[in-house]
Amino acid sequence: QVQLVESGGGLVQAGGSLRLSCAASGSISRINAMGWYRQAPGKQRDLVAFIRSGGITNYADSVKGRFTISIDNAKNTVYLEMNSLKPEDTAVYFCYAVAATYAYSDLRPYWGKGTLVTVSS
């Protein structure tokens with residue numbers, strides 16, 4: 001199994017910055033991709049950004065130019081640097097990974113429990 005633990009959420013004023021971290025642990029043999037989704041109250045869970053093992057990144061249009069995703073492969077940790085935050089960025093942010101383990105060689109999706117980001121106006 002793979003466990004994902006997020007940290008770094010909190011309350012920030014509009015225009016401020018936060019950095020989210022997500023560490024993957026377990027019997028991981030390979031991580032194909034890691035990323036972040038978010039879910040605002042009453043809304044569906046949407047992709048924010050992801051990064052593949054080769055370094056290719058993808059961002060939602062709403063965060064391009066403001067958010068940066070990066071990964072430390074040695075630590076199996078993904079980061080989301082969020083700048084120029086807006087009230088509409090308020091949501092629970094979920095870490096996501098596609099990984100294989102020594103028990104299951106096929107790539108499977110895994111989710112963290114989420115961390116709340118609140119941006120006040």
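The structure under discussion appears in the preceding block.
Residues numbered from 1 in each chain as written. Predicted model: local features only at pLDDT ≥ 70, side-chain atom pairs only at ≥ 80, totals over all residues. Heavy atoms only, no water.

Caption draft 1: The side chain of R66, seen in detail. Topologically, R66 is positioned in the loop between β6 (57–59) and β7 (67–72). Reaching out from R66, the side chain makes a polar contact with the backbone oxygen of S62 at a distance of 2.9 Å. If we skip the residues at most four places from it in the chain, R66 touches E81, M82, N83, S84, L85, K86 and D89. (Helix = DSSP H or I, 4+ residues; strand = E, 2+ residues; numbered from the N terminus. Polar contact = N/O pair within 3.5 Å; in protein donor to acceptor, adjacent residues only side chain to side chain. Contact = heavy atoms within 4.5 Å.)

Caption draft 2: Structural detail: the packing of aromatic side chains. Evaluation of the coordinates by the stated rule reveals three aromatic pairs. Plain terms: the ring middles of Y37 and W111 are 5.0 Å apart, the flat faces sit at 65 degrees to each other, and that makes the pair edge-to-face. One end of the pair, Y37, is in strand β4 (residues 28–39); the other, W111, is in strand β10 (residues 108–111), with 74 residues separating them in the sequence. Take W111: its relative accessible area is 37%, and that puts it in the partly exposed class. Ring geometry for Y96 and W111: centres 4.8 Å apart, planes at 50 degrees, overall tilted. (Phe/Tyr/Trp six-rings, centres within 6.5 Å; stacked < 30°, edge-to-face > 60°. Buried < 20%, exposed > 50% of the residue type's maximum accessible area, 1.4 Å probe, protein only.)

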